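# Examination of the molecular architecture
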Amino acid sequence: MKVLVVNAGSSSLKYQMIDTKTETVSAKGICERIGIEGSLIEHKQLEKGLKIKEEKPMKNHADAMALVVEKLLDSEYGCITSMDEIEAVGHRIVHGGPYFSKSIRLDDQVLQTLRRCHDFAPLHTGAHIQGIEGCLAVMPQKPQVLVFDTAFHQTMAPEAFMYALPYELYEKYAVRRYGAHGTSHRFVTAEMTKILGRVEGTKIVTCHIGNGSSISAVKDGKVIDTSMGFTPLAGVEMGTRCGDIDPAIVPYMMEKLNLSTKEVGDLMNKKSGFLGVTSGYSSDSRDLEAAISAGPSDPHYERAALAVNMLKHQIKKYIGGYAALMNGLDAVVFTAGIGENNPHLREIVCEDMDFFGIKIDKEVNAKAWRQDNIIKLSAADSRVAVYLIPTNEELMIARDTEAIVTCKSL
Ligand code: ADP
């Protein structure tokens, strides 16, 4: 089945045409600056290796969708000859609130419920709805499927997802842990359980470490805990997000620095993490690694090393804590931008973990970056399997879309 996967952001719309039979991408691209002056589309035809970048006015997501379809049908840059070839559309949805525990086919009722997720992720939900409405405008008859980043985490028990706040906050405002990156955690879990040869009885820690990072404990193929919380600010240190801090720091900073709620939110979401610890040097792990490699003479060496060591320390705590929760560990998976491309971080995370039975092959690990394939990082005598598994959220969305449209089980 040919599925158009759509990931709509507030002013952008990413897309991929995926054939679920061959699991290949024939075209992909991004519309940027939607609703802003200078909007443009960057489109790639992967079968022919062609690329085009065009500035075209797009006042909303419906305009962007119309342009995407135009490019997909283009005689030179396109990958289909008729709209009939697009059999379904799969949408990435960041937050399904407490309402969605698995992917679902769009109808009026589902759209209504999605609107209720607005409070949990205001920027994203609004954009997703615009993306969906854009598709409805351009191809009203096509089946559309919603795939939620929170859904995979819905198997957590209350003792994992509840906060020790007054219970009424949960009842009235649905304040609880939801987690994020669920589609990625689900994808790498599926790959890892294939390698292990079973789902039942498996105990896996999946580390999605990128600009945003989250770690999950997956037992029997189901999430029992995850590091992100009510929002994607919780958990480990990230590119610009602080991750877990003592909540008392929030009112303290607001008082001392005279910050509004928005300002304190911006400080924790946009000015913290790698960027904050290095006093504005960089949020990108490549820059931090460059400073570390350059050595103590580099002006950013000390802080870059501190920021990276903080992340290492936190990831180790999650792996240890999750092994305790699952009463064992079969595999640790690294994925996403940093997890897939930063051998140094993986090496220091896995160092001195023989208590847990984790031992990586340092030579294999050192060469494992910018690879499209799954790589076994663990040494032959490691009790726990350690793998690099490149994530592929779009493929997961396409697979779900096909399964739902053809009434197969997920
Ligand atoms: P997002 O969470 O926005 O999807 P990514 O998963 O792409 O982000 O992760 C971005 C991080 O991954 C950056 O810190 C970047 O340095 C790192 N990264 C991405 N690609 C590479 C690469 N080829 N080599 C080293 N680091 C990389």
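Before any of the text, the structure's been laid out above.
Residues numbered from 1 in each chain as written. Predicted model: local features only at pLDDT ≥ 70, side-chain atom pairs only at ≥ 80, totals over all residues. Heavy atoms only, no water.

### Comments concerning the packing of aromatic side chains
Counted according to the given criterion, the structure contains eight aromatic pairs. Centre to centre, the rings of Phe-120 and Phe-230 are 6.2 Å apart; their planes meet at 80 degrees, and the pair counts as edge-to-face. Of this pair, Phe-120 sits in the loop between helix H2 (108-115) and helix H3 (122-138) while Phe-230 is found in the loop between strand S11 (222-226) and helix H7 (249-256), placing the two residues 110 residues apart along the sequence. Residue Phe-230 is classed as partly exposed on the basis of its relative accessible area of 28%. Three or more aromatic residues joined by ring pairs form one cluster here, namely Phe-120, Tyr-178 and Phe-230. Note that Arg-176 overlies the ring of Phe-161, its terminal NZ or CZ placed 3.7 Å from the centroid. (Phe/Tyr/Trp six-rings, centres within 6.5 Å; stacked < 30°, edge-to-face > 60°. Helix = DSSP H or I, 4+ residues; strand = E, 2+ residues; numbered from the N terminus. Buried < 20%, exposed > 50% of the residue type's maximum accessible area, 1.4 Å probe, protein only. Lys NZ or Arg CZ within 6 Å of the ring centre and 35° of its normal.)

### Details of the pairing of S11
Pairing geometry for strand S10 (residues 213-219) and S11, over four bridges, is antiparallel. Residue pairing across strands places Ala-217 opposite Asp-225, the latter belonging to S11. Counting the residues in the hairpin turn of S10 and S11 gives two residues, including Asp-220, whose phi is positive at 55 degrees. (Pairing = 2+ DSSP bridges.)

### Let's talk about the site of the ligand
Surrounding the ligand, one finds Gly-210, Asn-211, Gly-212, Asp-284, Ser-285, Arg-286, Ala-336, Gly-337, Ile-338, Asn-341 and Arg-370. Asn-211 has a polar backbone atom sitting 3.2 Å from an oxygen atom of the ligand. A distance of 3.1 Å separates an oxygen atom of the ligand from a polar atom in the backbone of Gly-212. A total of 570 Å² of accessible area belongs to the ligand in isolation, and the protein chains cover 68% of it. Going through the elements one at a time, helix H10 (285-294) and helix H12 (336-341) are the ones with two or more residues in the shell around the ligand. When residues in the shell around the ligand are grouped by element, the largest group, four residues, is from H12. (Near = heavy atom within 4 Å. Polar contact = N/O pair within 3.5 Å; in protein donor to acceptor, adjacent residues only side chain to side chain. Areas by Shrake-Rupley, 256 points an atom, 1.4 Å probe, with all protein chains shown as cover.)

### What about unusual backbone geometry?
Phi at Asn-258 takes a positive value of approximately 55 degrees, unusual for a residue other than glycine. For Asn-258, the position within the fold is in the loop between H7 and helix H8 (261-270). A residue is classified by how much of its surface remains accessible, and Asn-258, at 67% relative accessible area, is exposed.

### As for the nonpolar core
Counting 39 residues, the largest nonpolar core has Ile-215, Ile-315, Ile-319, Leu-329, Leu-345 and Ile-358 as the members making the most contacts within it. At the level of secondary structure, the elements contributing two or more residues to this core comprise strand S9 (203-209), S10, helix H9 (273-277), H10, helix H11 (301-326), strand S12 (331-335), helix H13 (343-350) and strand S14 (385-388). Excluding anything up to four places from it in sequence, Ile-358 contacts Ile-319, Leu-329, Val-332, Cys-350, Met-353, Ser-382, Val-384 and Val-386. Ranked by size, the runner-up nonpolar core spans 28 residues in total, among them Ile-18, Ala-88, Val-333 and Ala-398. (Core = buried A, V, L, I, M, F, W, Y, C linked by side-chain atoms within 4.5 Å. Contact = heavy atoms within 4.5 Å.)

### Notes on the sheet that holds strand S4 (residues 40-45)
In any sheet, the strands associate via hydrogen bonds between backbone groups, in a parallel or an antiparallel arrangement. Reading across from one edge, S5-S4-S3-S2-S1-S6-S8-S7 is the order of the eight strands in this open sheet, with mixed pairing throughout. Each edge of the open sheet is held by one strand with a lone partner, namely strand S5 (50-55) and strand S7 (104-105). By the bridge criterion, seven bridges tie strand S2 (residues 13-19) to strand S3 (residues 24-32) in an arrangement that is antiparallel. Paired with Leu-13 across the two strands is Cys-31, which belongs to S3. Where helix H1 (residues 61-73) meets the sheet, its contacts fall on strand S1 (2-8), S2, S3, S4 and S5, and the angle it forms with S2 comes to roughly 35 degrees. (Axes fitted to C-alpha atoms, helices over the stretch in contact; angles between N-to-C directions.)

### Some thoughts on H10
All of the buried residues in H10 are Ser-285, Leu-288, Glu-289, Ala-291 and Ile-292. All buried residues of H10 fall inside an arc of 160 degrees around its axis, so they share one side. For H10, the exposed residues set more than 90 degrees away from the buried face come down to Arg-286 and Ser-293. Residues of H10 that are buried sit in contact with H9, H11, H12 and H13. Capping the start of H10 is the job of one residue whose side-chain oxygen sits 2.8 Å from the backbone nitrogen of Arg-286: Asp-284. (Arc of directions from axis to C-beta.)

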